[in-house]
Amino acid sequence: TPFITALIGWLTNWIAIQMLFYPRQPKKILFLTWQGLIPRRHKQLAVEAAEVIEREILQQHLIVNKIREVDLDAHLSTTAHTLVWQRIAPRLKAVPLLGSFVSDRMLTTLEEIAAEEIRREARPLLERVALQFEKDFHIRDAMEENINNFNLDHLEEVILGVARREFRTIERMGAVVGFVVGLAQLLILWLSGAF
């Protein structure tokens, strides 16, 4: 008896774990329709997961604040240098008559002016980008869409990859509980004199 109940306990827990993912498509059995928990509630899980991620983990303002914290200075100097020496200088030198007056000293001065002006405009531009991002990008919608588009086979692989050991423990615990229940049944039968 304890071994049979252990097998039943393990089997019921194994079936319960399988029923998280299967059947993928709704199956009709007599008057009941059955579908695995995750496939059946995929859209609802996407909505709720996206809401939790937005509310608890990745708030909109957090991303905007991170955009505002971006250190642009090193990039701005490189941009000013590239802009003057690789984009503007060849065009200026190609202008007839004016091109012969363009010197490296003039370009260096122009680079310094460009770098100063770019630095002056960068922060307000970054602020406008951050505000536009906050207005246009909705984390919840993006997360919901990504989760909805997540392939269920791949989702199963991910969940099993993370929780395989815990699922095995649940199956074993079903066997242990079943075994204990079987022993309890034997004890009750023995105490009642049925043996």
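Residues numbered from 1 in each chain as written. Predicted model: local features only at pLDDT ≥ 70, side-chain atom pairs only at ≥ 80, totals over all residues. Heavy atoms only, no water.

Engineer: Which parts of the structure should I look at to understand the pattern of salt bridges?
Structural biologist: Side chains carrying opposite charge are able to pair once their charged atoms draw close together. Scanning the entire structure with this criterion turns up 5 salt bridges. For Glu116, the salt bridge goes to Arg120, with nearest N and O atoms at 3.0 Å. Of this pair, Glu116 and Arg120 both sit in helix α6 (residues 104-136), separated by 4 residues, roughly a single helical turn. Look at Glu116 and you get partly exposed, because its relative accessible area is 45%. Of the residues examined, Arg120 reaches a relative accessible area of 48% and is grouped as partly exposed. Look at the salt bridges and you will find they share partners, linking Arg24, Asp153 and Glu156 into a network. (Salt bridge = Lys/Arg side-chain N within 4 Å of Asp/Glu carboxyl O. Helix = DSSP H or I, 4+ residues; strand = E, 2+ residues; numbered from the N terminus. Buried < 20%, exposed > 50% of the residue type's maximum accessible area, 1.4 Å probe, protein only.)

Engineer: Help me out: how do you make sense of the packing of helix α3 (residues 42-57) against helix α7 (residues 139-148) in this one?
Structural biologist: Relative placement of two packed helices is described by the angle separating their axes and the distance separating the axes. For the pair α3 and α7, the least separation of the axes is 8 Å and the interaxial angle reads 145°. For the element pair α3 and α7, the recorded crossing hand is right-handed. Between α3 and α7, the residues in contact are His42, Lys43, Ala46, Val47, Ala49, Ala50, Glu51, Ile53 and Glu54 and Ile139, Arg140, Met143, Glu144, Ile147 and Asn148, respectively. (Axes fitted to C-alpha atoms, helices over the stretch in contact; angles between N-to-C directions. Left-handed = near helix turned anticlockwise from the far one by under 90°. Contact = heavy atoms within 4.5 Å.)

Engineer: Is there a simple way to explain the confidence of the model for the chain in this structure?
Structural biologist: For any part of a model where pLDDT is low, the fine detail of the predicted coordinates should not be relied upon. In the predicted model, the chain carries a mean pLDDT of 87, and the fraction of residues at 70 or more is 98%. Per-element confidence in the chain is highest for helix α1 (residues 2-18), whose mean pLDDT is 93, and lowest for helix α4 (residues 60-68), whose mean pLDDT is 76. (pLDDT = per-residue confidence, 0-100.)

Engineer: In this structure, what is going on with unusual backbone geometry? I would like to understand it.
Structural biologist: In terms of backbone geometry, most residues other than glycine have negative phi values and most peptide bonds are trans. Here the residue pair Tyr22 and Pro23 is connected by a cis peptide bond, since its omega of -5° sits within 30 degrees of zero. For Pro23, the location among the structural elements is in the loop between α1 and β1 (27-29). Unlike most non-glycine residues, Leu30 shows phi in positive territory, near 55°. Mapped onto the secondary structure, Leu30 falls in the loop between β1 and β2 (32-34). For Leu30, a relative accessible area of 78% corresponds to the exposed category.

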